[in-house]
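If you want the building blocks of each chain, they are given just below.
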Amino acid sequence: MSLYEQIGERIGEATGKPFRPRHTFTRGGGCISQGVVLEDGARFYFVKLNAAERLPMFEAEVEGLRELASAKALRTPQPIVHGLVEGQAFIALEFLGMDGTDEPTLLGEGLAALHSHRAERFGLARDNFIGTTPQRNTPSPDWVDFWITCRLQPQLDAASRNGAARDLLEQGEALMSVLPAFFTDYRPLPSLLHGDLWGGNYGYVRTALGASEPVIFDPAVYYGDREADIAMTELFGGFPPRFRQAYEAIWPLDSGYAVRRQLYNLYHVLNHYNLFGGGYAEQAGRIMRRLLGEVRG
C-alpha cells in the first residue's frame, strides 16, 4: 500500500467513510512542509508531509486551528487526522480551493471579532511553533513579562547560539530592561491571536451561495496583545488598506501602536534570523536602535 493510500485509509477511519485516493496533485505547503491534495472523485483533502520529528508541529497546528475555530470569527480549515505513516509525519485538512475573490473588509471585520475572543491570562495552555521554531506560551497575567520570557529572550538565546554579534545581543538585553516604558499608558488584553499573520496565511473561498469568505490557516496561536497580529500584517505586506480600515472601524488602535509594532515585529525578524540568517540580524539591530531611541530620547 502506497504512502497516500495509507493516509487515505486513516482519513477514512477518521471520517467514517472509506477514502481511496485515485489522484494526487502537488499544492504549496509553504516553505516548511510538502503539500499535496488527495481526491477520490468526490472528496478532496489537503495533506502536509514532513519528517517524523515534526509531528509535534502538526499536533500544535491541530490545536491552534481548533482554538481559532472556537471563536467563530473567521473560517479555518478543519483538521481531519494527523500522525505518522512510513516514517513521515502528516496532517490531513479540509481542502479549501481558495477560489474566492478578495474581500479585505470581511477579513478586517473577522480579525476584530477574533481579537474580541479573550482569555484570563496571556499565553496558551501548551507551547507550539512559529515556523519550525518552538514557541513558548507559558501563561502569565503580565504582558511585559510574557513578551520578555516567552518571546524576546528565547529568540535572543537562539541568536547567541547561532553566532549573532555581541552588539545585537547587548541591544536586546538593553531593550528588555526598558520594556515597561512602552506600556505606561496602555494595558493590553489577552486577545486570541493567529500569531503568524503574514500575507501567505490567509485566503478566500467561495461559499455555496457564491459569496467570498476569508480563511486563515497555519497559525501560531496564543492569547496576547492584538497589536502583535496587526503589526505582522505590516511586516511583509499583502494586506490592502481596506483590511485595516475595516478593522479600525470596529476597534481603533491605540496611538502608541506606531512604536510598539516595531517591538512586536522584532520577534519575527529575530526568528527569521535564527531560521535563515542573512540580513535579518541587521534589520533586527535597526529595530532595536529605534526602540531604544524612543525610550532614551
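The residue numbers shown here count from 1 along each chain, following its written sequence. The predicted origin of the model limits local features to residues at a pLDDT of at least 70 and limits the giving and counting of side-chain atom pairs to 80 or more, whereas totals for whole chains, interfaces and linings rest on all residues. With hydrogens and water set aside, each side-chain value is computed from the structure's full complement of heavy atoms.

## Structural notes on empty space enclosed by the protein
Next, step 1: A 1.4 Å probe that fits but cannot get out identifies a cavity on a 1 Å grid over protein atoms alone, an open set with protein on both sides within 12 Å along at least five of seven lines counts as a pocket, and a residue lines either if it has an atom within 4 Å of a point. Grid points are joined across faces, edges and corners, and a volume is the space filled by probe spheres set on the points. For the structure on display, the rule yields one cavity of 30 Å³ or more.
Next, step 2: What the largest cavity holds in volume is close to 50 Å³.
Next, step 3: As for the largest cavity, its lining consists of Gln135, Arg151, Leu193, Gly195, Tyr222, Ala228, Asp229, Met232, Tyr267 and His268.
Next, step 4: Only DSSP runs of H or I reaching four residues or more are called helices, and only runs of E reaching two or more are called strands; each is numbered from the N terminus. Of all the elements, helix α6 (residues 226-235) adds the most residues to the lining of the largest cavity, at three residues.
Next, step 5: Side-chain classes follow a simple rule in which Ala, Val, Leu, Ile, Met, Phe, Trp, Tyr, Cys and Pro form the nonpolar group, Asp, Glu, Lys and Arg form the charged group, and the remainder, Gly included, forms the polar group. Across the lining of the largest cavity, the residue classes break down as five nonpolar, three polar and two charged.

## Considerations on the packing of aromatic side chains
Next, step 1: Classification of ring pairs uses Phe, Tyr and Trp, with its six-membered ring standing for Trp, and accepts pairs whose centres are within 6.5 Å; under 30 degrees between planes counts as stacked, over 60 as edge-to-face, and the remaining range as tilted. With the rule as written, the count across this model stands at 13 aromatic pairs.
Next, step 2: Both rings, one in Trp147 and one in Tyr267, keep their centres 5.7 Å apart while their planes meet at 65°; by these two values the pair is edge-to-face. Pair noted here: Trp147 is in helix α4 (residues 143-161) and Tyr267 is in helix α8 (residues 257-276), with a separation of 120 residues, a long-range link.
Next, step 3: Residue Tyr267 is classed as buried on the basis of its relative accessible area of 2%.
Next, step 4: With 4.7 Å between their ring centres and 35° between their planes, Tyr202 and Phe239 make a pair best called tilted. You can see Tyr202 sitting in strand β9 (residues 202-206) and its partner Phe239 sitting in the loop between α6 and α7 (241-250), a full 37 residues away along the chain.
Next, step 5: Since its relative accessible area comes to 14%, Tyr202 is described here as buried.
Next, step 6: Connected via pairs of aromatic rings, a cluster forms that spans Phe122, Trp143, Phe146, Trp147, Tyr222, Tyr264 and Tyr267. Categorising residues by exposure relies on relative accessible area from a 1.4 Å probe, with only protein chains included: less than 20% of the type maximum marks a residue as buried, more than 50% marks it as exposed, and the intermediate range marks it as partly exposed.

## Thoughts on unusual backbone geometry
Most peptide bonds are trans, and most residues other than glycine sit at a negative phi.
Next, step 1: With phi around 50°, Glu86 is a residue other than glycine that occupies positive phi space.
Next, step 2: Structurally, the position occupied by Glu86 is in the loop between β4 (79-85) and β5 (88-94).
Next, step 3: Of note in the backbone geometry, Met98 takes a positive phi value of approximately 50° without being a glycine.
Next, step 4: Following the sequence through the fold, Met98 ends up in the loop between β5 and α3 (104-115).
Next, step 5: With a relative accessible area of 30%, Met98 lands in the partly exposed category.

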